[in-house]
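# Per-entry structural report
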Amino acid sequence: MRELEVEMKRAVERVFSAVERHHELFKNALPMIASENITSVAVRNMLISDFSHRYAEGDVGRRFYQGCAFIDEVEAIAIDLAKRLFSAEHVNLKPTSGVNANIAVILALTDVGDRIMALSVPDGGHISHSKFSAPQIRGLHVDNLPFDSTEMNIDAARMHEDIIEKKPRMILLGASLFLFPHPVREAAEAAREVGARVVYDGSHVLGLIAGRRFQDPLREGADVIVSSTHKTFPGPQGALILCGEDLRSRIDMAVFPGTVSNHHLHHVAGLAVAIAEMMCFGEAYASQTIANAKALARHLHENGFNVLCAHKGFTASHQVAVDVSELGGGSYVAMKLEKANIIVNKNMLPSDRTPENPSGIRIGVQELTRIGMKEREMAEIAAMMRRVIIDEENIDKVKKDVSALREGFQHVHFSFDAVQNGVNAYDFPVHFNIDAFQH
Ligand SMILES: Cc1ncc(COP(=O)(O)O)c(C=O)c1O
């Protein structure tokens, strides 16, 4: 073999090995990043299909390339199922990520120099809602929505006054730190008075909306839902936009050709399967997710953690927010928990002014719910977190207990995998005989 080939063979071996070690890590860990989930094996089969190599610019039945007959069939099914699941008049499944979808909606609904309103990042807004990001493209002026940090929600009365006074073109609801349903009805009422549009970024809570356990933004008055498809919604990474017929052509044009050329067809196939799974199991999944979040929050509180919003049941979503400023700060706590294979992220809280070592950690229980964990396991996890952070017990001991807990939870529930009696979600093959490399 030539020297370069030997070097490349080693590089590929290292890639395979790192992926296998990653699987091994996640088989033994408690993944609680609120923006992640685990797809079923049925969904993952779509992601490695030939759809991942193809182009299908354009719409179903009106493509710019040949060879799209079966891609058309799949995309038509995905669109039909999404419309049914969300009771939406129109759906666009092409955006390749939540940020991509936000940019498309901003292009569709604003003109250069318009005003919009959104949450600031410390109050939970996503970076793509801030003046440093997507709104820059249009030179938009971004005003922060007023936030009540005790209630951890938008202050609806002040929002109404601000909308009437500032007359924004667009009001962007939804958040990355998202504990309670947002006041969509109130925003829509004020928006009507000034001719603004209400856009709801449901990236975090789409699975709970699909399961009818959070809020129903389109019925509450939102004009558009924009959302990732892979946080509480357990689909492949990507995004969708839901809206009424009135906005159909503006949204579609802003997506293609505005911000996407070829959409990711394997993700559309995976999304179709994930939507079908949510049609069957979504309500039970969303109920258990919220019950688990409430249980974890209560047990953390009882174990001495400063969990936000004790006065209102801690949370109504998949997320739990904990102020760890007295315990070393969010960066320190998240990194220490990682040593025990408890995976969470540091998070800014409303009182934070800079993102360095923020006061909080954010915890999501949606993936633990998908692998079958319930309230009993939430109690165990809260106790383990106490052992690491408050009792400062030997981390390797806790890590072993984390592994032992995980042993019984290796299959994806609320999916067609479960119906097939469980395929181990982490033994999904990364098989390839590197020694069979040929010219
Ligand atoms: C509210 C919100 N919107 C948009 C995004 C961006 O989504 P994506 O990572 O799919 O681009 C996120 C990501 O975490 C988010 O929390």
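Details of the structure are given in the entry above.
Just so we're clear, the structure is a prediction, and the values are computed from it rather than from any experiment.

### Considerations on a nonpolar patch on the surface
On the surface, Tyr55, Phe64 and Tyr65 cluster together into a nonpolar patch covering about 350 Å² of accessible area. Here tyrosine 65 lies in the loop between strand 3 (62-63) and helix 3 (69-86).

### A look at the packing of helix 11 (residues 265-302) against helix 14 (residues 375-389)
Contact pair helix 11 / helix 14: the axes reach a minimum separation of 8 Å and the direction vectors enclose 35 degrees. By crossing handedness, the relation of helix 11 to helix 14 is classed as right-handed. Listed contacts from helix 14 to Gln288, Ala291, Asn292, Ala295, Leu296, His299 and Leu300 of helix 11 are Glu375, Met378, Ala379, Ile381, Ala382 and Met385. Taken together, the residues that form the contact of helix 11 with helix 14 break down as nine nonpolar, three polar and one charged.

### What about the sheet that holds strand 9 (residues 170-173)?
In space, the seven strands of this open sheet follow the order 4-12-11-10-9-5-6, with mixed pairing throughout. Lying at the two open borders of the sheet, with one neighbouring strand each, are strand 4 (90-92) and strand 6 (141-144). The sheet shows a mean angle of 20 degrees between the axes of neighbouring strands, direction not considered. Pairing of strand 11 (residues 224-228) with strand 12 (residues 239-243), which is carried by five bridges, proceeds in the antiparallel orientation. By the bridge assignment for strand 12, isoleucine 225 is matched with leucine 242. With respect to the sheet, helix 4 (residues 98-109) is in contact with strand 9, strand 10 (197-201), strand 11 and strand 12, its orientation differing from that of strand 11 by roughly 155 degrees.

Parameters at a glance
Residues numbered from 1 in each chain as written. Predicted model: local features only at pLDDT ≥ 70, side-chain atom pairs only at ≥ 80, totals over all residues. Heavy atoms only, no water. Patch = residues over 30% accessible without salt bridge, like charges linked within 9 Å, V, L, I, M, F, W, Y side chains within 5 Å. Areas by Shrake-Rupley, 256 points an atom, 1.4 Å probe, with all protein chains shown as cover. Salt bridge = Lys/Arg side-chain N within 4 Å of Asp/Glu carboxyl O. Helix = DSSP H or I, 4+ residues; strand = E, 2+ residues; numbered from the N terminus. Axes fitted to C-alpha atoms, helices over the stretch in contact; angles between N-to-C directions. Left-handed = near helix turned anticlockwise from the far one by under 90°. Contact = heavy atoms within 4.5 Å. Nonpolar A, V, L, I, M, F, W, Y, C, P; charged D, E, K, R; others polar. Pairing = 2+ DSSP bridges.

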